[in-house]
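These are the residues of each chain, in order.
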Amino acid sequence: MECKFGVRVIRDMGMMKTCIRFNNRVHHPRVSMHLFVIGVILLGMPAAAGNGAVLRDAVCMILGSIFVFMSLFRHHIAAARMKKSTEMEWNEELFYHFGQKVVQVIKDGNTVNIGSYKNIFRLWEDERNYYVGMNEDDLLILPKMGFEIGNAEEFRNFVLGKSNAGYSWKPANIVNICKWKMKKLKDGMR
């Protein structure tokens, strides 16, 4: 079978953190900001309330610190919990093979069909990766630097042409997030 695109991926802790950050951006985009704001409000309450109950102030300071900590490090916490999971094999090398009709993964010399392009329901992209949603609950994370066969820039059009899947640009860089949101605002005003 002819391979149009081939991507080598190493499933390590960095890849898991990428998966968690992506999942947070797509499914829970405001949670970190909400945790941070609530934490700052709780931290500021003792000063705003003036002299008062020591117990109340201590509880506000403790809870506020927990909320701020969780907002800043929630992807690290989730990754540490995933690392304890025995269901995942760590540091395994996968090679995703995108042929004319099917998507395959090669692991330890064994080739497994993941599915046809009709099983792809969504393609997301950020500055460094493609995220391919397949089979309702599978997510393939494909680093643009990992393309060994084919061009990462042509991959999007190839997959979208074969699958008729939806496409979303989901920037990870804060500058690109701001540019993207401003563009969406401008487009919404027209």
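Note that the structure is predicted; figures quoted are calculated from it, not measured.

Novice: Kindly report on helix α4 (residues 152–163), identifying the contributing residues and their values.
Specialist: Taking 1.5 Å as the rise per residue, α4 with twelve residues should run 16 Å; its terminal C-alpha atoms sit 17 Å apart, in good agreement. All of the buried residues along α4 are A152, F155, F158, V159 and S163. All buried residues of α4 fall inside an arc of 105° around its axis, so they share one side. Opposite its buried face, α4 presents the exposed residues N157 and G161, each directed more than 90 degrees away. Here the buried face of α4 lies against β1 (3–11), β2 (92–99), β5 (120–125), β6 (129–134), β7 (138–143) and β8 (147–149). The N-cap of α4, judged by a side-chain oxygen 2.8 Å from the amide nitrogen of E153 a few residues on, is N151. At the C-terminal side of α4, N164 shows a positive phi close to 60°.

Novice: How would you summarise the sheet that holds strand β9 (residues 166–169) if you had to cite specific residues and measurements?
Specialist: Here we have four strands laid out as an open sheet, ordered β7-β6-β5-β9, and mixed in their pairing. Each end of this open sheet is capped by a strand with a single partner; those strands are β7 and β9. Strand after strand, the sheet turns through a mean of 20° between neighbouring axes, direction not considered. The sheet contact formed by β6 and β7 spans six bridges and is antiparallel. Its bridge partner being in β7, Y130 is matched across the sheet by L142. Seen against the sheet, α4 touches β5, β6, β7 and β9 and runs at an angle of roughly 155° to β5.

Novice: Describe the pattern of salt bridges, listing the residues and the values that go with them.
Specialist: Under the criterion given, the structure shown has seven salt bridges. Salt-bridge contacts for E148 lead to R8; the nearest nitrogen and oxygen are separated by 2.7 Å. Remark: R8 occurs in strand β1 and E148 occurs in strand β8; sequence separation between them is 140 residues. In this structure, R56 engages D57 in a salt bridge whose closest nitrogen and oxygen atoms are separated by 3.0 Å. Residues joined in a network through salt bridges with shared partners are R8, E93 and E148.

Novice: Residue-level account of the nonpolar core, with values.
Specialist: Ranked by size, the top nonpolar core spans 29 residues in total, and within it Y96, F98, L140, L142 and F155 carry the most contacts. Among the elements of the structure, β1, α1 (13–27), β2, β3 (102–107), β5, β6, β7 and α4 are those that each provide at least two residues to this core. With sequence-adjacent residues up to four places away left out, L142 is seen in contact with V7, V9, Y96, F98, R128, N129, Y130, V132 and F155.

Novice: Give a description of the sheet that holds β3 that names residues and reports values.
Specialist: With antiparallel pairing, five strands are arranged side by side in an open sheet as β4-β3-β2-β1-β8. Strands with a single pairing partner mark the edges of an open sheet, and in this sheet they are β4 (110–116) and β8. Across the sheet, the mean angle separating the axes of adjacent strands is 25° when strand polarity is ignored. Here β1 pairs with β2 via eight bridges, running antiparallel. Within β2, the residue paired with R8 across the bridge is F95. Taken strand by strand, α4 contacts β1, β2 and β8, and its axis lies near 110° from that of β1.

Rules behind the numbers
Residues numbered from 1 in each chain as written. Predicted model: local features only at pLDDT ≥ 70, side-chain atom pairs only at ≥ 80, totals over all residues. Heavy atoms only, no water. Helix = DSSP H or I, 4+ residues; strand = E, 2+ residues; numbered from the N terminus. Expected span 1.5 Å × (residues − 1). Buried < 20%, exposed > 50% of the residue type's maximum accessible area, 1.4 Å probe, protein only. Arc of directions from axis to C-beta. Contact = heavy atoms within 4.5 Å. Polar contact = N/O pair within 3.5 Å; in protein donor to acceptor, adjacent residues only side chain to side chain. Pairing = 2+ DSSP bridges. Axes fitted to C-alpha atoms, helices over the stretch in contact; angles between N-to-C directions. Salt bridge = Lys/Arg side-chain N within 4 Å of Asp/Glu carboxyl O. Core = buried A, V, L, I, M, F, W, Y, C linked by side-chain atoms within 4.5 Å.

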